[in-house]
Amino acid sequence: MKTRYCVFYDECGRNPLLNNTLVDPIVPCLNYTRAQLITGNHYKILKQVCPMFDQGENSTYACCTIKQLASLEKSLTLSKAVLVRCPSCAYNFAHLHCINTCSPNQSQTVKVTKVLNVTELNRTREAVVGYQAFIGKTFADTSFQSCKNVRIPATIGGYAIATMCGRYGAKLCTPQRWYDFQGDSSNGLAPLDIDFKIIQEGDTTGVPEGVVPYDGVALMCNETTPTGGDVCSCQDCQESCPSVLPPPPVAGHFTLLGTDGYLKIIHPSEVTCAETNSLAAQAFLSSQFRIWGTIIASYPLTVLLLSLIVVAVFSVGLKDIKLTTDPVELWSAPNSRARQEKEFHDTYFDPFYRTNQVILTAPGRKGHIYDSLLFGPQNFSGIMSKELIIELLELQTRIQFWSDDLNRTASLKDVCFAPLNPNNPSQTDCAVNSLPQYFQNSLDNINAKVYMTQLGVTKEVDWRDHLIYCLGSPLSFKDITDLGMSCMADYGAPVFPFLAVGGYENDAFSSAEAFILTFSLNNYARSDPKFKVAMQWEKEFLKIVQEYQKDPKNSFTFAYMAERSLEDEINRTTAEDIPIFMISYAVIFVYIAVALGEYSSWKRLLVDSKFLVGLGGILVVACSVLASMGFYSWIGIPSSLVILQVVPFLVLAVGADNIFIFVLEYQRDVRRPHETREEQIGRVLGNVAPSMLLCSLSESVCFFLGALSTMPAVKSFALYAALAVLMDFVLQMTAFVALLSLDARRQDNNRCELLCCIKVSKQRPKKPNKGFLMPFMKKYYAPVLLHRYTRIIIVVFIFMFCGALFLMMNVKVGLDQELAMPQGSYMLTYFQYLNKYFEVGVPVYFVTKKGFNFTSVDGMNAVCSSVGCDQFSLTQKIQYATNYPERSYVAIPANSWVDDFIDWLNPQSKCCRLYTSGPNAGHFCPANESGLICTKRCLGRPENDTVRPTVEEFNLYLPDFLTNRPDLQCSKGGLGAYDKAVVRDESGEIIASRFMAYHTPLTNSQEFTAALKMARELADEITVGMRSVPGTSPDFEVFPYTITYVFYEQYLTIVNEGLFNISLCLLPTFVVCCLLLGLDLRSGLLNLLTIVMIVVDTVGVMTLWSIDFNAVALINLVTAVGISVEFVSHMTRSFALSIKPTRVERAIEATAKMGSAVFAGVAMTNLPGIIVLAFAKAQLIQIFFFRLNLVITLLGMAHGLIFLPVVLSYFGPGVNKAVLLQFQQEKEKDREKAETNSHMRQVYDNITQNKNSFEAKVGKLL
């Protein structure tokens, strides 16, 4: 073939072989003629459309007319809309098609293969409807490489080439497949068939004689264009990326070397002053409580009445009680960063839409291999069948109901999220993501089929061919089959495959194991009437799905959820588990009532029982809780379900211990001569009340300090618990003492309990009733425990403590949402399906605040990721993060309204035009309007092909961009994708905007927390970079936001928060113990050491028993400190005040006397109630109330009744000499008094004897 010869020239009309195309298929005329010299306007247009042919106005030849150039420009404009962000790609793309259409050497690179007669305006000519184009491999490969990474920001990381490679999508696209799609007339864009032949340099095989494959120079993506276009950005061109260091490797887990630990106790010198202070403190407290107890016992009915009045006054506040059920309000502080960011996001943008989802599978159904005419053999899983797709379509159209709030039948359109028509949506405007959307939810489209010929083979193509194509190219407006159907959803947006199907590998979507059906609803404010309609729609949705699940004709196995499901299920399980808590408290009550009784004889069984005393103790606990709740409700501090479940349990544990100590001490005591019943009760109270005060005051101060926590749930719990414990102590010192006085009066009168009119004849034994436990502990348990060989058990506790320290370093932090669900909940199945089938995580927004100038060139460059943008811009840094998804937890790059706005403005596309005539002249003209009335572009063509609007142009056209609906003519319109992503104030300043990316699939709270941490680090880096832009406010900020962050933020700081709270709780236990024991530092330290060991060991067991550390666990650990005080402090005080000569003997006495009361009052009170909780349906209760409280109780019992007595026997304080001296002085006084009484009795006897002798003698004389 000769140089400067054409094979076709000029336009002949429409291609008669093509119908239903997206653009008019205008074909050229067969015309073997010389290339024409191009001059004048013809030359100017050629220079603009095909600048690579420019040889000067009088030296440029071409094989195309002005009409052909206009058609070529129109065709190129559609592709440039998505390619223009990479100038070298757009240039190469135009280069290729200019070679075929206009090359002056067209006859050397093109061979016509098919012609037809075409009649246009009554003129018949031969038209070219098919030809071969021969291209050199280097040119083809370089062109492809320059375009393969160009992205479409609105698709959240999608590649432009995915829409230009047909069935193969971006992942499987190659240069040959890319060119094949461009030359395939069935794609709706190509006007004729072009068979591209890519020829290796030097290889003439298959090349016709005279044909010379085009071997021009294609630009690499990191090269500038001859027209002045800049290099492509890093996001679109890997070769343009700077060298970015990979993140440092993850630090290894902490390991504890095998170093032996040791316990070192510093023995302080015995200080007489301290011993005196201790005695004075005990004497003062005992005397005050003795007087108090005597007075209270003397007027029991009056005291009970006054106590009831006080409780009633406090409880009046319950009428204003508010239960906080919103998890955000419970676990996230109002001033926390996540809450403030959520409020900012929800203030400027719509709240995150409500998600209602069904994940469907069809296990057991056999798949099949479909031999597609266009795509070859394709594996279709069992669920990928037409029958199931139709069944899924029927399911998603069922839900409608009568709405009282709207006074009419309501359906999805009344509450749905409709991004492209938010003001007056129809049913088809609703954002429903599902596989039938690839068929526009049309049964006719699903059933459509047609015969098609490809390469001489004719076969039927049907829904499977269309689906294969759409799964690979979801942005296409027309598939490549003769079906000619769109892939876009009926609401006008694409449905990405990862949102429609799940359970696939390597993007083999047709072999997916699950369908995903998602309804997105607007998240209305609770005060909006439509909020009730949305809740009603979700209720109806759940009802229909559940009925469908029970239908035997249903072909699916599936899981489902509604936005309301979490709250519904939590409320349901709370209601169902209330009886469990009631049974738990009933078991505790029965135990207390039985255990407090004295059982000396069957005849006195009803007299010596303590049913009413036990009931009174329970009522005291209930009244203290009611008073606490009423008081805080009165002052406006809300309650929560955690408080209702935990505080009564805690106060019952503390209160029962004090009740047992008091009642058992009274039963073991013998009334002294000339002592009244009231005085005896006062004296007994004086003996035990200081110990009760020590524990109650320690716990109350502990909880009040715990209220310094930043977590609302922990703070409110601490406040409620602190006042409840304090009120419990006050009521025990008043109402319970009065109640015991009344019961003692009844018992002294031998009257039966409950049947007070009945008296028994058998008298009460004079000797004290020591029960079973105290003699057993004194005779067997304590001596065995404190034997010199068995005391070595302390080593076991030390090893336990060291092991627990190691395990504590490995405790998992978090709370998986599955644990909040009851066993058997449909939400558990949903979470399993979600983790198994979903291939992408939750969307994450990078939100910008006020203070950044987007309108400046520097501002746009600091955000965008296309040509001319900064290498480390906002979107580019997010792109870099996706290179390390295992570390950044970001899987898909962010969309960018700035990038798409710039592309939308680009004059090479037809997106932004102006009316040139009519009433709207000078205003924005949509791309679907005729070019005859909209001939002017919004912006002129820039010299370097890098489009940047001026400040005035930016502000003028941004509103038009945000309201422009995307379509085939202009896919860059911002409506739907960005109209709610940019917020401007009245002056037009952008005060908030957001850029949406996607996290990787996150399956547990540890991953959610790590994702939050890494997203914040990334946002902080972005903030630093953007603040360096001139004119940026110093307080400008970028932050990440997704709906889950507000729940998981607590886990970033909960370890420090927990250490702080527990330390605050431990401090008062040490201080109060020291003060009430008269500055006894050693007792305080041993007390503190034992409680610390209980808490540390508890955390260690949490690691072994799969109990994660979270706010609920923290509340229980704070409770553990309070319960540990009960196990420890009574024993420590008893030991400190004992006057036995050796530490071992004092430890035995303390264990026998106080250990029995602690065991009966704390351990045996808690254990039955805890065991009942094992039968609760809620996993949260089973794990954090049954398991954790069982661990706390058992460890507390072991340390209080085993470790502490042994430690005291080794390191306890010496005998308090002041107490011993007082005891000796009292004993000496008693001895002297006894001797005096004996002497006086002897004198009296002598006098009596003499008197009798004298009277006898007188009688004899008389």
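Nothing here was measured: the structure is a model prediction, and the numbers come from that model.

Caption draft 1: How the structure looks around the overall build of the protein chain. Tallying secondary structure elements over the protein chain gives 37 helices and 30 strands in all. Whereas a compact globule of 1262 residues would reach a radius of gyration of roughly 33 Å, the protein chain reaches 43 Å, over 25% beyond that. Along the longest, intermediate and shortest principal axes, the C-alpha atoms of the protein chain span 185 × 65 × 60 Å. Looking at the protein chain as a whole, 55% of its 1262 residues qualify as buried. Of the contacts made within the protein chain by residues no fewer than 6 positions apart, 73% connect residues no fewer than 24 positions apart. Put simply, the protein chain shows about 54,100 Å² of open surface, and 58% of that area lies on carbon and sulfur atoms.

Caption draft 2: A look at the packing of aromatic side chains. Scanning the model with the defined rule gives 50 aromatic pairs in all. Pairing phenylalanine 8 with tyrosine 131 gives two aromatic rings, centres 5.4 Å apart and planes at 40°, and the pair type is tilted. Of the two residues, phenylalanine 8 is situated in strand E1 (residues 5-14) and tyrosine 131 in strand E6 (residues 123-136); the sequence distance between them amounts to 123 residues. The pair phenylalanine 8 / tyrosine 131 is uniform in exposure class, with both members buried. Judged by centre distance (5.7 Å) and plane angle (5°), the rings of phenylalanine 496 and phenylalanine 498 are stacked. Owing to a relative accessible area of 17%, phenylalanine 498 belongs among the buried residues under this scheme. Linked through ring pairs, Phe852, Phe854, Trp897, Phe901, Trp904, Phe924, Phe954, Phe961, Tyr978, Phe995 and Phe1036 together constitute an aromatic cluster. Between arginine 177 and the ring centre of tyrosine 168, over which it is positioned, the NZ or CZ distance is 3.9 Å.

Caption draft 3: Inspection of the pattern of salt bridges at higher detail. Overall, the coordinates contain 25 salt bridges when judged by the stated rule. Among the charged side chains, a salt-bridge network with shared partners connects Arg337, Glu341, Arg1016, Asp1020 and Glu1049.

Caption draft 4: Molecular detail of the nonpolar core. Counting 149 residues, the largest nonpolar core has Val647, Phe662, Phe703, Phe717, Phe1109 and Phe1184 as its most contacted members. With 20 residues, the single largest contributor to this core is helix H21 (residues 712-748). Counting the residues that make up this core, at least three belong to each of domain 3 (771-810 + 1058-1215) and domain 4 (843-892 + 899-927 + 950-1052). The contacts of phenylalanine 1109, once residues within four sequence positions are left out, are Val811, Lys812, Val813, Gly814, Tyr1051, Ile1054, Val1055, Gly1058, Met1102, Leu1114 and Leu1117. Counting 101 residues, the second largest nonpolar core, distinct from the first, contains Phe352, Ala362, Cys416 and Tyr837.

Caption draft 5: Quick look at a nonpolar patch on the surface. Taken together, the side chains of Leu305, Leu306, Ile309, Val313, Trp634 and Ile635 make up a nonpolar region of the molecular surface, amounting to roughly 600 Å² of accessible area. Position of isoleucine 309 among the secondary structure elements: in helix H8 (residues 300-315). Using a relative accessible area of 45% as the deciding quantity, one classes isoleucine 309 as partly exposed.

Caption draft 6: View of the state of the cysteines. Counting across every chain of the model gives 15 disulfides. Here cysteine 234 is linked by a disulfide to cysteine 241, with a sulfur-sulfur distance of 2.0 Å. Handedness of the cysteine 234-cysteine 241 disulfide follows from its S-S torsion of about 90°: it is right-handed. Between the sulfur atoms of cysteine 470 and its disulfide mate cysteine 487 the distance is 2.0 Å. Disulfide cysteine 470-cysteine 487: torsion about the S-S bond near -80°, hence left-handed. Separated by 17 residues along the polypeptide, cysteine 470 in helix H13 (residues 463-472) and cysteine 487 in the loop between H13 and helix H14 (497-500) bring together distant segments of the chain.

Caption draft 7: Region of the structure containing the packing of helix H28 (residues 897-905) against helix H29 (residues 951-962). With their axes 11 Å apart at the nearest point, H28 and H29 run at an angle of 100° to one another. Taken together, H28 and H29 sit at an angle that is classed as roughly perpendicular. Of the residues in H29, those in contact with Trp897, Asp900, Phe901, Trp904 and Leu905 of H28 are Phe954, Tyr957, Leu958, Asp960 and Phe961. Per-class residue counts for the contact of H28 with H29 are 8 nonpolar, no polar and 2 charged.

Caption draft 8: Geometry of the environment of proline 377. Tracing the chain through its elements places proline 377 in strand E13 (residues 376-380). Under the relative-accessibility criterion, proline 377 is labelled exposed at 62%. Beyond its immediate stretch of four places on either side in the chain, proline 377 contacts Ile369, Tyr370, Asp371 and Ser372.

Caption draft 9: Expanded view of the sheet that holds strand E26 (residues 924-925). In spatial order, the strands read E26-E25-E27; together these 3 strands make up an open sheet with antiparallel pairing. The outermost strands of the open sheet, each flanked by one partner alone, are E26 and strand E27 (936-937). Pairing between strand E25 (residues 913-914) and E26: 2 bridges, direction antiparallel. Its bridge partner lying in E26, arginine 913 is registered against cysteine 925.

Caption draft 10: Looking closely at the packing of helix H34 (residues 1111-1137) against helix H35 (residues 1143-1173). Remark: H34 packs on H35, axes separated minimally by 8 Å, with the N-to-C direction vectors making an angle of 155°. It follows that H34 is roughly antiparallel to H35 by the angle criterion. In terms of crossing hand, the pair formed by H34 and H35 is right-handed. Contacts between H34 and H35 involve Ile1123, Glu1126, Phe1127, His1130, Met1131, Ser1134 and Phe1135 from the former and Arg1143, Arg1146, Ala1147, Ala1150, Thr1151, Met1154, Gly1155, Val1158, Val1162, Ala1163 and Asn1166 from the latter. Taken together, the residues of the contact of H34 with H35 break down into 10 nonpolar, 5 polar and 3 charged.

Caption draft 11: Region of the structure containing the environment of cysteine 938. Structurally, the position occupied by cysteine 938 is in the loop between E27 and H29. Remark: the alpha-carbon pair of cysteine 938 and cysteine 925, spanning 13 residues in sequence, is separated by 9.4 Å.

Caption draft 12: Quick look at helix H2 (residues 66-83). Helix length check: H2, at 18 residues, gives a terminal C-alpha distance of 24 Å against a target of 26 Å (1.5 Å per residue), a fit within 8%. Bending of H2 peaks at approximately 35° at the position of threonine 77. For H2, the set of buried residues is Gln68, Leu69, Leu72, Leu76, Thr77, Leu78, Ser79, Lys80, Ala81, Val82 and Leu83.

Caption draft 13: Structural context of the side chain of aspartate 462. Examined against the element boundaries, aspartate 462 turns out to sit in the loop between strand E18 (457-461) and H13. Excluding residues within four positions of it along the chain, aspartate 462 makes contact with Tyr370, Ala448, Lys449 and Leu483.

Caption draft 14: Just the environment of glycine 13, in detail. Within the secondary structure, glycine 13 sits in strand E1. Classification of glycine 13 by relative accessible area gives buried; the value is 8%. For the pair glycine 13 and leucine 1018, spaced 1005 residues apart in the sequence, the C-alpha separation amounts to 56 Å. If sequence neighbours within four positions are ignored, glycine 13 has contacts with Pro25, Ile26, Val27, Val118 and Glu120.

Caption draft 15: Structural context of helix H16 (residues 565-595). Taking 1.5 Å of rise per residue, the 31 residues of H16 would be expected to cover 45 Å, and the 44 Å separating its terminal C-alpha atoms lies within 8% of that figure. Its axis deflected by about 35° at aspartate 577, H16 carries its strongest bend there, up to four residues before the proline proline 579.

Caption draft 16: Broad picture of the pairing of E1. Across the 10 residues of E1, 8 count as buried, placing the element largely inside the fold. Pairing of E1 with strand E2 (residues 26-34) involves 6 bridges; the strand directions are antiparallel. Opposite tyrosine 5, over in E2, you have arginine 34 as the bridge partner.

Caption draft 17: Spatial organisation of the pairing of strand E5 (residues 110-120). Bridging between E5 and E6 involves 10 bridges; their strand directions are antiparallel. The residue bridging valine 118 from the neighbouring strand is arginine 125, located in E6. If you look at the hairpin formed by E5 and E6, you'll find 2 residues sitting between the two strands, and leucine 121 has a positive phi there, around 55°.

Caption draft 18: How the structure looks around the side chain of aspartate 1097. Within the secondary structure, aspartate 1097 sits in helix H33 (residues 1081-1104). Lacking a salt bridge, the buried aspartate 1097 has arginine 1187 as its closest oppositely charged neighbour, with an N-O distance of 18 Å. Once residues within four sequence positions are removed from consideration, aspartate 1097 is found in contact with Met800, Phe801, Ala804, Leu1195 and His1199.

Caption draft 19: A look at unusual backbone geometry. One non-glycine residue, asparagine 122, lies in the positive phi region at around 65°. Note on placement: asparagine 122 falls in the loop between E5 and E6. Among the residues examined, asparagine 122 registers a relative accessible area of 81% and is labelled exposed. Despite not being glycine, histidine 674 shows a phi value in the positive range, around 65°. Mapped onto the elements of the fold, histidine 674 is located in the loop between helix H19 (641-668) and helix H20 (677-706).

Caption draft 20: How the structure looks around the confidence of the model for the protein chain. The share of residues in the protein chain with pLDDT of 70 or more is 91%, and the mean pLDDT across the chain is 85. Strand E14 (residues 400-403) is the least confidently modelled element of the protein chain, averaging 56 in pLDDT, while strand E30 (residues 1038-1041) averages 97, the highest of any element. In the predicted structure, residues 252-271 sits below a pLDDT of 50 and forms 15 contacts with residues beyond four places in sequence or in another chain.

Calculation criteria
Residues numbered from 1 in each chain as written. Predicted model: local features only at pLDDT ≥ 70, side-chain atom pairs only at ≥ 80, totals over all residues. Heavy atoms only, no water. Helix = DSSP H or I, 4+ residues; strand = E, 2+ residues; numbered from the N terminus. Rg over C-alpha atoms; globule rule 2.2 N^0.38 Å. Buried < 20%, exposed > 50% of the residue type's maximum accessible area, 1.4 Å probe, protein only. Contact = heavy atoms within 4.5 Å. Areas by Shrake-Rupley, 256 points an atom, 1.4 Å probe, with all protein chains shown as cover. Phe/Tyr/Trp six-rings, centres within 6.5 Å; stacked < 30°, edge-to-face > 60°. Lys NZ or Arg CZ within 6 Å of the ring centre and 35° of its normal. Salt bridge = Lys/Arg side-chain N within 4 Å of Asp/Glu carboxyl O. Core = buried A, V, L, I, M, F, W, Y, C linked by side-chain atoms within 4.5 Å. Domains from an automatic or database assignment. Patch = residues over 30% accessible without salt bridge, like charges linked within 9 Å, V, L, I, M, F, W, Y side chains within 5 Å. Disulfide = S-S within 2.5 Å. Axes fitted to C-alpha atoms, helices over the stretch in contact; angles between N-to-C directions. Parallel < 35°, antiparallel > 145°, perpendicular 65-115°, else oblique. Nonpolar A, V, L, I, M, F, W, Y, C, P; charged D, E, K, R; others polar. Pairing = 2+ DSSP bridges. Left-handed = near helix turned anticlockwise from the far one by under 90°. Expected span 1.5 Å × (residues − 1). Bend = angle between axes of the 7 residues up to and from the residue. Lys, Arg positive; Asp, Glu negative; His and termini not counted. pLDDT = per-residue confidence, 0-100.

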